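# Chains, contacts and geometry: an overview
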Amino acid sequence: MHRPIAYNLVRAVLGAANGVPRGIDRIDFGYICDLFESWPADLFGVLPTPWGVRIFPRDRVLRARDTLARIWKERDPRGADPAMERLRAACTGQGAALPEPPGSRLPLPDVPGVLRALRLILGAGPGIGRPVEALPEGTIHLDIGQRGLTAAAFAWTERRPDVSSVVMIHDVIPLQFPELVGRHRVVAHAAAMDVTARHAKAVLTSTAAAAVGIRAELALRGRADLPVHALGLPIDDLFRHPAEPDPVVAARPYFVACGAIEPRKNHLLLVEVWTRLVAARGAAAPRLVIAGSTGNAIFAT
């Protein structure tokens, strides 16, 4: 028997504000697409609002999903992204594939980001949803995005003991290696684990290695009993089919590192390796492409 699901939409809204999805945004998006298209039982979106935590029907969430895909340009023709154009220019020696300099970015608050988030919310249609108390009995409260793991977002579950909260924790790296991340990341991650220990009935994660660290953190909070399940991440259908290589980019071998550009990822090691490769092999060395945020950064050498 399939139980109703209430799916936390916080990361989707914040992902719209970002304009360009990070890896964790895509994971959340994949779950939204699959569940809201195919789950055979009742399914609702859950979102904190100025009127309290509200639930939204499946069709409204699917409209928001389509708006988010347009904001992210997910359905644009392959290769039409400006970042791809910068990469092509760098590969042909016509320009450097660099992001905008920091000085050109708008100061906080990020006005375009706020407008994108509003576009996502308003584009789904009118209405402020229903109170979260209207969820059917026995609902599973599912949080994949990890951004919504706050005490305020879960307070309503204390009034609904019949609701089972299942959350995804992608890793506990900020708690294991705090010297590699900013202080705010450590504080936020610790708070998320506190909320998980207090409210969750089960935890999902992506790898067995991450599960080991998560269990250790839960044990520190007196929740060694909480089930932690390692599940493989959803793979976009794009990667299941061969694609025609871009002739400009494919003209020379290349190596791609894709992900957030952070000290803990040690991109400087890659740069040092490629510096030596280029010194030894010259133009015959493969290109190094580092693609990721902060910002929508793409660097090619």
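Residues numbered from 1 in each chain as written. Predicted model: local features only at pLDDT ≥ 70, side-chain atom pairs only at ≥ 80, totals over all residues. Heavy atoms only, no water.

Take the overall build of the protein chain next. When you go through the protein chain residue by residue, the secondary structure sums to ten helices and eleven strands. Here the protein chain, with 301 residues, has 42% of them falling under the buried criterion. Partitioning the contacts of the protein chain with sequence separation of at least 6, the portion at a separation of at least 24 is 71%. When the accessible surface of the protein chain is totalled, it reaches about 16,500 Å², and 62% of it is carbon and sulfur. (Helix = DSSP H or I, 4+ residues; strand = E, 2+ residues; numbered from the N terminus. Buried < 20%, exposed > 50% of the residue type's maximum accessible area, 1.4 Å probe, protein only. Contact = heavy atoms within 4.5 Å. Areas by Shrake-Rupley, 256 points an atom, 1.4 Å probe, with all protein chains shown as cover.)

Backbone-to-backbone hydrogen bonds pair the strands of a sheet. The strands run either parallel or antiparallel. Strand order in the open sheet formed by eight strands is S4-S3-S2-S1-S5-S6-S7-S8, with mixed pairing between adjacent strands. Only two strands of the sheet have a single neighbouring strand rather than two, namely strand S4 (130-131) and strand S8 (228-230). Of the pairings in the sheet, the one linking strand S1 (residues 5-8) to strand S2 (residues 43-49) comprises four bridges and is parallel in character. Bridged to Ile 5 within S2 is Leu 43. (Pairing = 2+ DSSP bridges.)

What the rule picks out here adds up to three aromatic pairs. Measuring from centroid to centroid gives 5.3 Å for Phe 255 and Trp 274, while their planes differ by 35°, and the two rings are tilted. Here the residue Phe 255 occupies a position in strand S9 (residues 254-258), and Trp 274 occupies one in helix H10 (residues 267-281), the gap between them amounting to 19 residues. (Phe/Tyr/Trp six-rings, centres within 6.5 Å; stacked < 30°, edge-to-face > 60°.)

Attention now moves to helix H4 (residues 82-91). Among the residues making up H4, those that are buried are Ala 83, Leu 87, Arg 88, Ala 90 and Cys 91. Around the axis of H4, the buried residues are gathered within 160° of arc, so they sit on the same side. (Arc of directions from axis to C-beta.)

Note that all results are geometric; they support no functional claim without further evidence.
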